Amino acid sequence: MQSTNKIRLILLSLFFGISAILSSTAQVKSGPMLGYSEMKEVLIWVQTQKPAQVQIKYWEKGSDANKLVHLSSAISTQKSQANIARIIADEVSMGKKYTYEVWVDNKKVNFDYPLEFQTQALWQYRTDPPNFQFVVGSCNYINEEATDRPGRPYGGADEIYKAIYDKKPDFMIWGGDNFYYREADWNTRTGMIHRNDHTRGQKSVQPLLASTHHYAIWDDHDYGPNDADRSFALKHTSLELFKLYWGNPNFVYPNEAVTGMFQWADVEFFMMDDRWFKAPNDEKNPAKDYFGQKQLQWLLDALTTSRASFKIIVNGGQVINPAKVFENMANYEQEHNQLLKEIKNRNIPGVLFISGDRHWSSFWKMERPGTYPLFDLTVSPLTAGTAKPTPEDLNKTLVPGTVSDQRAFAHISVSGPLKDRILEINLVNSEGKELWKQRITSSQLK
């Protein structure tokens, strides 16, 4: 009898223990997700199921959590803001890694994967810059039967998130079409929130969100309808939600566009918006806006000022490819020529491009007489359907052997001394298999 009671007690404790974990985890709808990392603060994003109070406890990895714990300010989530908390960890030291916990309504939320973030190191005038690695991907389509088009599902291969997670990158850049608004979504704020929630809440991506820092731009599908341009009526609503759901460190224009920049070690990333100021594709004017003059002048000035080893321009559409197909910048002839001409005339070293959009990956090299070549890495798609290049794409700027029509991401490492940094690009498929490799040194881009 005594043995039976012991068994009952053990079973009850296991039941209530599991129930407590499930109840605790159920308070979080999606996240936590790491936003930007800087030397003095880090952003952590959490979405709750209903209005609640959210805090982050964190401590330096490997230290005694009972003695050195930091507690963030409490954020009250609200339905009007999709129950999202954007929390700043501001009691951090430079160049450190931290373990953190999520607390909702004064209860710890348990997760079955690590929660860790890092701060950037102060290396300037002291040492060579630290080595680091990051990943890039675009075109992330999550199936939803109620709103998908009839027929074969367009999305798939969500195992790619684990393949990315297994690389343990310092950060990830989402290169546009990070989700796909459907007809039921883009005409209302409610529909837009639903699409953001549906994509962000996928279970398979949660471990990646929780321990890798994330930066993003948008392209047409996560801005509005297909090929959406500056005329999109709900562009301000779309912008509001982008700023709510992503954790970029800054925006150049307070009430326009997602344009911004960030730095990691000695590399600067210029995050461009190819939607907000963009003229319609069908406008028959070679001088029509792509980035628009205001944004283009900011970019050129920021590149001119930059002293980064690599100056990486991240854009939804392809820039170097001269083929006038789909939404390549080459279709916007005057602005395209202006950008390339000014990079040369201003003698700006270290420039290269990263793009997405096309649903196939590739590497581009444009030779320029009298100066270094320009490169464009196109990475697409993550989980959306795949496509193939057009005959016009098969031109002399396309690097042989780099076309892939598999779902893939780019794993990029930066290493070496400050005066000769090495950027190595590996295109990796959804199963973690390397498809091709390219290598660029900073001395090549001078």
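The present account deals with the structure reproduced in this document. Keep in mind that what you see is a predicted model, and the values were worked out from it rather than measured. (Residues numbered from 1 in each chain as written. Predicted model: local features only at pLDDT ≥ 70, side-chain atom pairs only at ≥ 80, totals over all residues. Heavy atoms only, no water.)

### As for the overall build of the protein chain
Broken down by element type, the protein chain carries seven helices and 21 strands. The C-alpha radius of gyration of the protein chain comes to 23 Å, within 12% of the 22 Å expected for a compact globule of 446 residues. The proportion of buried residues among the 446 residues of the protein chain is 55%. Once local pairs closer than 6 in sequence are excluded, the contacts in the protein chain between residues at least 24 apart make up 69%. For the protein chain, the exposed surface amounts to about 19,500 Å²; the carbon and sulfur share of it is 53%. In the protein chain, which carries 51 positive and 51 negative side-chain charges, the distance between the mean positions of the two groups comes to 4 Å. (Helix = DSSP H or I, 4+ residues; strand = E, 2+ residues; numbered from the N terminus. Rg over C-alpha atoms; globule rule 2.2 N^0.38 Å. Buried < 20%, exposed > 50% of the residue type's maximum accessible area, 1.4 Å probe, protein only. Contact = heavy atoms within 4.5 Å. Areas by Shrake-Rupley, 256 points an atom, 1.4 Å probe, with all protein chains shown as cover. Lys, Arg positive; Asp, Glu negative; His and termini not counted. Charge placed at Lys NZ, Arg CZ, Asp CG, Glu CD.)

### Observations concerning the pattern of salt bridges
This structure, assessed with the given rule, holds 23 salt bridges. Measuring nitrogen to oxygen at the nearest pair gives 3.7 Å for the salt bridge that ties K96 to E60. Of this pair, K96 sits in the loop between β6 (84–89) and β7 (97–104) while E60 is found in strand β3 (residues 53–60), placing the two residues 36 residues apart along the sequence. Two residues, R421 and D266, come together in a salt bridge whose shortest N-O distance is 2.8 Å. Taken as a pair, R421 in the loop between β19 (408–415) and β20 (422–429) and D266 in the loop between β13 (260–264) and β14 (267–271) lie far apart in primary sequence, 155 residues in all. Members of the salt-bridge network, linked through shared partners, are D219, D274, R275, K278 and E327. (Salt bridge = Lys/Arg side-chain N within 4 Å of Asp/Glu carboxyl O.)

### What about unusual backbone geometry?
G31 connects to P32 through a cis peptide bond whose omega is 5°. Among the secondary structure elements, P32 is positioned in strand β1 (residues 28–37). The omega torsion of the bond from S380 to P381 falls at -5°, within 30 degrees of zero and hence cis. Structurally, P381 can be placed in the loop between β18 (374–378) and β19.

### Digging into the side chain of S362
Note on placement: S362 falls in strand β17 (residues 362–366). Residue S362 is classed as buried on the basis of its relative accessible area of 0%. Looking at S362, its side chain comes within polar contact range of the side chain of W364, at 2.7 Å. Apart from residues no more than four positions distant in its own chain, S362 is found in contact with Q318, D376, L377, T378, L398, T402, V403 and W436. (Polar contact = N/O pair within 3.5 Å; in protein donor to acceptor, adjacent residues only side chain to side chain.)

### Considerations on the packing of aromatic side chains
Taken as a whole and assessed by the stated rule, the structure comprises 33 aromatic pairs. An aromatic cluster is built from F132, F134, F171, Y215, F262, W264 and F269, whose rings are joined through pairwise contacts. One residue, K243, lies across the ring of F251, its end atom 4.9 Å from the ring centre. Lying over the aromatic face of Y253, K294 brings its terminal NZ or CZ to 5.0 Å of the ring centre. (Phe/Tyr/Trp six-rings, centres within 6.5 Å; stacked < 30°, edge-to-face > 60°. Lys NZ or Arg CZ within 6 Å of the ring centre and 35° of its normal.)

### Topic: helix α5 (residues 235–245)
Among the eleven residues in α5, eight count as buried, and that is most of the element. Among the residues of α5, K235, T237, S238, L239, L241, F242, L244 and Y245 are the ones counted as buried. On its buried side, α5 packs onto β1, β2 (42–48), β6, α3 (189–200) and β12 (213–217).

### Here's the deal with the environment of Q81
Checked against the element boundaries, Q81 lands in the loop between β5 (75–76) and β6. Overall, the relative accessible area of 33% leaves Q81 in the partly exposed class. With 188 residues separating them in the primary sequence, Q81 and F269 have C-alpha atoms 29 Å apart.

### Some words on the packing of α3 against α5
For the pair α3 and α5, the least separation of the axes is 10 Å and the interaxial angle reads 30°. The angle between α3 and α5 places the two elements in the roughly parallel class. The handedness of the crossing between α3 and α5 is right-handed. Across the interface between the two elements, R189, M192, I193, N196, D197 and R200 of α3 pack against T237, S238, E240, L241 and Y245 of α5. Considered class by class, the residues forming the contact of α3 with α5 number four nonpolar, three polar and four charged. (Axes fitted to C-alpha atoms, helices over the stretch in contact; angles between N-to-C directions. Parallel < 35°, antiparallel > 145°, perpendicular 65-115°, else oblique. Left-handed = near helix turned anticlockwise from the far one by under 90°. Nonpolar A, V, L, I, M, F, W, Y, C, P; charged D, E, K, R; others polar.)

### So, the packing of helix α6 (residues 293–305) against helix α7 (residues 333–345)
Look at α6 against α7: their axes get within 11 Å of each other, and the N-to-C directions meet at 15°. By the angle between their axes, α6 is roughly parallel relative to α7. Classified by chirality, the crossing of α7 by α6 is right-handed. Contacts from Q293, L296, Q297, L299 and L300 in α6 reach E335, Q338, L339, E342 and I343 in α7. Split into classes, the residues belonging to the contact of α6 with α7 amount to five nonpolar, three polar and two charged.

### Notes on the pairing of strand β21 (residues 434–441)
When β20 meets β21, the two strands line up antiparallel, connected through seven bridges. Bridge pairing in β21 links E424 to R439. Adjacent in sequence and paired antiparallel, β20 and β21 are bridged by four residues, among which G432 carries a positive phi angle near 90°. (Pairing = 2+ DSSP bridges.)

### Some thoughts on α7
In this model α7 runs 18 Å from its N-terminal to its C-terminal C-alpha over 13 residues, within 8% of the 18 Å that 1.5 Å per residue would give. Close packing links the buried residues of α7 with α6, β16 (351–355), β17 and β18. Backbone geometry just after α7 places N347 at a positive phi near 55°. (Expected span 1.5 Å × (residues − 1).)

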